[in-house]
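Here is what each chain is made of, one letter per residue.
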Amino acid sequence: MNISDQERAMIQQYLMSEETDIERSIGRILLSDRGLETTSVIDAEALKEYHRYIKEKIQIFKHKICVEWNYQEKLKNVNFIDDIHLVAAIADVIAKEVGIIPVFMVASLLVKKGLSKLCSSNL
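Parameters and conventions
Residues numbered from 1 in each chain as written. Predicted model: local features only at pLDDT ≥ 70, side-chain atom pairs only at ≥ 80, totals over all residues. Heavy atoms only, no water. Helix = DSSP H or I, 4+ residues; strand = E, 2+ residues; numbered from the N terminus. Buried < 20%, exposed > 50% of the residue type's maximum accessible area, 1.4 Å probe, protein only. Contact = heavy atoms within 4.5 Å. Bend = angle between axes of the 7 residues up to and from the residue. Axes fitted to C-alpha atoms, helices over the stretch in contact; angles between N-to-C directions. Parallel < 35°, antiparallel > 145°, perpendicular 65-115°, else oblique. Left-handed = near helix turned anticlockwise from the far one by under 90°. Nonpolar A, V, L, I, M, F, W, Y, C, P; charged D, E, K, R; others polar. Salt bridge = Lys/Arg side-chain N within 4 Å of Asp/Glu carboxyl O.

K.L.:
How do you make sense of the side chain of Arg-24 when you look at a structure like this?
P.N.:
As for its position among the elements, Arg-24 is in helix H2 (residues 19-33). Given a relative accessible area of 19%, Arg-24 falls into the buried group. If near-sequence neighbours (up to four positions away) are discounted, Arg-24 is found in contact with Asp-43, Ala-46 and Leu-47.

K.L.:
Would you mind showing me how to read helix H3 (residues 43-68) here?
P.N.:
Structural remark: α-helix, 3.6 residues per turn; residues separated by three or four positions point the same way. Within H3, the axis deviates most sharply at Lys-57, by approximately 45°. Among the residues of H3, those classed as buried are Ala-46, Leu-47, Glu-49, Tyr-50, Tyr-53, Ile-54, Lys-57, Ile-58, Phe-61, Lys-62, Ile-65 and Cys-66. Elements that come into contact with the buried residues of H3 comprise H2, helix H4 (71-74), helix H5 (83-94), helix H6 (103-113) and helix H7 (115-120). One or two steps after H3, the chain reaches Asn-70, where phi turns positive at roughly 60°.

K.L.:
Looking at this structure, I do not really get the packing of helix H1 (residues 5-16) against H6. What am I missing?
P.N.:
If you want to describe how two helices pack, look at the angle between their axes and the distance between the axes. Two elements in contact, H1 and H6, have axes whose closest approach is 9 Å; the angle formed by their N-to-C orientations is 45°. Classed by the angle they form, the pair H1 and H6 counts as oblique. Regarding H1 and H6, the two cross each other, and that crossing is right-handed. Residues Glu-7, Met-10, Ile-11, Tyr-14 and Leu-15 of H1 form the contact with H6, whose own contacting residues are Phe-104, Met-105, Ser-108, Val-111 and Lys-112. Class assignment of the residues belonging to the contact of H1 with H6 gives a composition of seven nonpolar, one polar and two charged.

K.L.:
I tried to follow the pattern of salt bridges on my own but got confused; where do I start?
P.N.:
Pairs can form between side chains of opposite charge once their charged atoms are near each other. Using the criterion set out here, one finds nine salt bridges in the structure. Here Arg-24 makes a salt bridge to Asp-21, at a shortest N to O gap of 2.4 Å. Here Asp-21 and Arg-24 lie together in helix H2, a separation of three residues that amounts to about one turn. Between Arg-52 and Glu-49 there is a salt bridge, and its shortest N-O distance comes to 2.7 Å. With a gap of three residues between them, Arg-52 and Glu-49 both fall in helix H3, about one helical turn apart. Several salt bridges converge on common partners, so that one network encompasses Asp-21, Arg-24, Arg-28 and Asp-43.

Spelled out as structure tokens, the structure:
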């Protein structure tokens, strides 16, 4: 899998970020898309919007990653030992489902939260 230097840097930045920071960023993007001025949005509002988004999308992400892509089988592939390549692969899998949120942002958050956990949970 070929990843450009720019994509690698973006993914690395997301992977080094705190999960809560990514969640707030997702919430702010969603609020901004609805026409709200995000500079005045408090963290709680952004997180609330993120939780609304993830509640709506988590089953779709889970099905795409765990069932259609067969994450447990892919995990055995040496190309995915590196989190950057795993994020890039997950981004390809969920790209059509993320909406306006940057796909690497969502894929990085899912990887940080744990794909094994996602695929073994009863969400």
